[in-house]
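Analysis of the macromolecular model
Each chain, letter by letter, is given below.
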Amino acid sequence: MTTATQPITGVDFVSIPTHDLEAAVQFYGQTLGMPRSMYRKDRNFAEFETGNLTLSIIDAEAMGLEHHPTRNLALQVQDVEQVRGMLEERGVQFQGDTFDTGVCHMAFFADPDGNQLMLHHRYAPRTPEDA
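Bear in mind the structure is a predicted one, so any value in this text is a computation, not a measurement.

1. What to know about the environment of M63
- Relative to the elements of secondary structure, M63 occurs in the loop between strand 4 (54–58) and strand 5 (73–76).
- Judged by relative accessible area, which is 36%, M63 ranks as partly exposed.
- Expressed as a C-alpha distance, the spacing of M63 and Q78, which sit 15 residues apart in the sequence, is 35 Å.
- What M63 contacts, discounting residues up to four positions off in sequence, is R43, N44, F45 and I58.

2. Things to note about the nonpolar core
- With 24 residues, the main nonpolar core has Y28, L32, F109 and L119 as its most contacted residues.
- Looking at this core, the elements that each hand over two or more residues are helix 1 (21–31), strand 3 (45–49), strand 4, strand 5, helix 2 (80–89), strand 7 (104–110) and strand 8 (116–122).
- By residue number, the principal contributor to this core is helix 1, which donates five residues.
- The residues contacting L119, other than those within four sequence positions of it, are L75, V77, V80, V83, R84, L87, F94, H105, M106, A107 and F109.

3. Looking at the sheet that holds strand 1 (residues 13–17)
- Read across the sheet, four strands follow the order 1-4-3-2 without closing on themselves; strand pairing throughout is mixed. The open sheet has two free edges, formed respectively by strand 1 and strand 2 (36–40), since each of these has just one partner strand. Direction aside, neighbouring strands of the sheet carry axes that sit 15° apart on average.
- Sheet topology places strand 1 next to strand 4; five bridges connect them, and they run parallel. Opposite P17, over in strand 4, you have I58 as the bridge partner.
- Sheet contacts for helix 1: strand 1, strand 2, strand 3 and strand 4; angle to strand 3, the most-contacted strand, approximately 5°.

4. Points about the environment of P69
- Within the secondary structure, P69 sits in the loop between strand 4 and strand 5.
- What makes P69 partly exposed here is its relative accessible area of 37%.
- Each C-alpha atom, one on P69 and one on Q116, is 7.4 Å from the other, the two residues being 47 residues apart in sequence.
- Ignoring any residue separated from it by four or fewer positions in sequence, one finds P69 in contact with P17, D113, G114 and N115.

5. Re the sheet that holds strand 5
- One open sheet holds the four strands; their spatial order is 5-8-7-6, and the pairing between them is mixed. Of all the strands in the sheet, just strand 5 and strand 6 (99–100) have a single pairing partner and so form its edges.
- Looking at chain direction, strand 7 and strand 8 are connected through seven bridges and run antiparallel. Counted as the bridge partner of A110 is Q116 from strand 8.
- Across the face of the sheet, helix 2 comes into contact with strand 7 and strand 8 while running at roughly 150° to strand 8.

6. With respect to the packing of aromatic side chains
- In this structure the tally under the stated criterion is three aromatic pairs.
- Arranged with centres 6.1 Å apart and planes meeting at 35°, the rings of Y28 and F48 form a pair that is tilted. Residue Y28 is found in helix 1, and its partner F48 is found in strand 3; the two are separated by 20 residues along the sequence. Residues Y28 and F48 agree in their burial class; the two are buried.
- Ring geometry for F94 and F109: centres 5.1 Å apart, planes at 50°, overall tilted. Residue F94 is located in the loop between helix 2 and strand 6, and its partner F109 is located in strand 7; the two are separated by 15 residues in the primary sequence.
- Residue classification places F109 among the buried residues on the basis of a relative accessible area of 0%.
- In textbook terms, an aromatic cluster arises when at least three aromatic residues are bridged by ring pairs, as seen for F27, Y28 and F48.

The rules behind each value
- Residues numbered from 1 in each chain as written.
- Predicted model: local features only at pLDDT ≥ 70, side-chain atom pairs only at ≥ 80, totals over all residues.
- Heavy atoms only, no water.
- Helix = DSSP H or I, 4+ residues; strand = E, 2+ residues; numbered from the N terminus.
- Buried < 20%, exposed > 50% of the residue type's maximum accessible area, 1.4 Å probe, protein only.
- Contact = heavy atoms within 4.5 Å.
- Core = buried A, V, L, I, M, F, W, Y, C linked by side-chain atoms within 4.5 Å.
- Pairing = 2+ DSSP bridges.
- Axes fitted to C-alpha atoms, helices over the stretch in contact; angles between N-to-C directions.
- Phe/Tyr/Trp six-rings, centres within 6.5 Å; stacked < 30°, edge-to-face > 60°.

This is the structure:
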């Protein structure tokens, strides 16, 4: 519900640029295993669902935009090490060891276009100090 004090009610999608739509569709759909909800090669984009946010993979330059890789998009998983192992078997190369912050686990990697992604799992609840 939009109000005068809170006009933004959510985020519908995040765009992730690619130079090669076919390769990106393969990576997000097959390698990462995300369900594809839209694929419009003629319009230079495809969409994948994460459960709470749509990732819109776009050929930015074909749309008249500049290609700027995404930085640090956190993909929520239940078990970082399990998913990391599965993705490593599929050829994904991670940047360093899995990081434990004391409240979450993170494992960093990139897609074929250099968009920076991470597997993320929060294992400790937020506290009032986090607000």
